Amino acid sequence: MTADLLRLTQWLSPAFPVSGYAYSHGLETAMASGRVAGARDVQDWASHVLRFGAGPLDVWAIRAVMGGDDPGEVAEVLQARAGCAERWQETRDQGAAFATVTTGMGEPPIPDLPLPVALGLRARGMAADVVAMLYLQGFAGQLVSAATRFLPLGQTEAQTVLRALHPVIAEVAARTDTDPPGGAALMADLDAMRHETLQPRIFRT
């Protein structure tokens, strides 16, 4: 268990080279428009995505693959539910980087898969609740990090936002959907779509 936890926290660390810093999941659009302008706005936007957007679907994918479902079929569901090209690019690019780096570290080769699917495949045999929770923690941290680089948001304030998201992370990570959950983060989806033509911009998504 200790060895698994160490491997998992390394894989999901902000320092792990999957280029998470390059993606905002559409948050940049909301910040550029002025709708997300401070800590409370960031918390609300991230909470909505975690509860109703990518959060539940990614947890479903992780649990499905860890439970033995075909990774390719799960990846097809994620692609169909991605909402826009940038959403698919974000999860697929990070998944490809994750597969490349972990293979280079000595893990068995795996195919090109979106990040939650690749993680679920690598994490087979670990505790699914812990994998899902730490994955969402990393995802939330990516969003908060994007906000600190765009807004006048200090490091302590940013960490306070992330801490406030812990109950949401725990709630969503505990979900055990047997079918892929639908997305209902409409404004965040529209933000991601609009980001495709946003200029100038800092983030890839």
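Located above this text is the structure these notes cover.
On a predicted model such as this, the values are computed, not experimentally measured, just so you know.

Chemist: Would you mind going over the layout of surface pockets in detail, with residue names and values included?
Modeler: Looking at the largest pocket, its volume works out to about 940 Å³. Together, 44 residues line the largest pocket, and Gln94, Tyr135, Gly138, Phe139 and Gln142 are the ones closest to its centre. Mapped by element, the contributors of at least two residues to the lining of the largest pocket are helix 1 (2-11), helix 4 (54-66), helix 6 (85-104), helix 8 (128-150) and helix 9 (155-164). The dominant element in the lining of the largest pocket, judged by the number of residues it contributes, is helix 8, at eleven residues. Residues that form the lining of the largest pocket fall into these classes: 19 nonpolar, 19 polar and six charged.

Chemist: Can you lay out the packing of aromatic side chains for me, pointing to particular residues and giving the numbers?
Modeler: Summed over all chains, the structure comprises two aromatic pairs. Plain terms: the ring middles of tryptophan 11 and phenylalanine 98 are 5.7 Å apart, the flat faces sit at 90 degrees to each other, and that makes the pair edge-to-face. A residue pair is termed long-range when its members are at least 10 positions apart, and tryptophan 11 in helix 1 and phenylalanine 98 in helix 6 qualify at 87 residues. Note on tryptophan 11: relative accessible area 4%, which makes it buried. Here the aromatic rings of phenylalanine 16 and phenylalanine 98 are separated by 6.0 Å at their centres, their planes lie at 55 degrees, and the arrangement is tilted. Pair noted here: phenylalanine 16 is in the loop between helix 1 and helix 2 (27-33) and phenylalanine 98 is in helix 6, with a separation of 82 residues, a long-range link. Residue phenylalanine 16 shares its accessibility class with phenylalanine 98, and that shared class is buried. Among the aromatic side chains, those forming a connected cluster through ring pairs are Trp11, Phe16 and Phe98.

Chemist: Can you break down empty space enclosed by the protein residue by residue, with the values?
Modeler: To find leftover empty space, one rolls a probe the size of a water molecule over the atoms. Scanning all chains against the criterion turns up one cavity of 30 Å³ or more. Looking at the largest cavity, the residues that line it are Met1, Asp4, Leu5, Leu8, Met126, Ala127, Val130 and Val131. Among the elements of the structure, helix 1 and helix 8 are those that each provide at least two residues to the lining of the largest cavity. A per-element tally of the lining of the largest cavity places helix 1 first, with three residues. Here the lining of the largest cavity is composed, by residue class, of seven nonpolar, no polar and one charged.

Chemist: Please provide a residue-by-residue account of the pattern of salt bridges, values included.
Modeler: This structure, assessed with the given rule, holds eleven salt bridges. In this structure, arginine 7 engages glutamate 107 in a salt bridge whose closest nitrogen and oxygen atoms are separated by 2.9 Å. With arginine 7 in helix 1 and glutamate 107 in the loop between helix 6 and helix 7 (115-122), this pair connects stretches of sequence that are 100 residues apart. Residue classification places arginine 7 among the partly exposed positions, given a relative accessible area of 29%.

Chemist: So what's going on with unusual backbone geometry? Residues and values would help.
Modeler: With an omega dihedral of -10 degrees, the bond running from glutamine 199 to proline 200 counts as a cis peptide bond. As for its placement among the helices and strands, proline 200 is situated in the segment after helix 11 (186-195). Positive phi, normally seen in glycine, also occurs at serine 19, with a value near 65 degrees. The residue serine 19 is located in the loop between helix 1 and helix 2 in this model.

Analysis parameters
Residues numbered from 1 in each chain as written. Predicted model: local features only at pLDDT ≥ 70, side-chain atom pairs only at ≥ 80, totals over all residues. Heavy atoms only, no water. 1 Å grid on protein atoms, 1.4 Å probe; cavity = no way out; pocket = protein on both sides within 12 Å on 5 of 7 lines; lining within 4 Å. Points joined across faces, edges and corners; volume = space filled by probe spheres on them. Helix = DSSP H or I, 4+ residues; strand = E, 2+ residues; numbered from the N terminus. Nonpolar A, V, L, I, M, F, W, Y, C, P; charged D, E, K, R; others polar. Phe/Tyr/Trp six-rings, centres within 6.5 Å; stacked < 30°, edge-to-face > 60°. Buried < 20%, exposed > 50% of the residue type's maximum accessible area, 1.4 Å probe, protein only. Salt bridge = Lys/Arg side-chain N within 4 Å of Asp/Glu carboxyl O.

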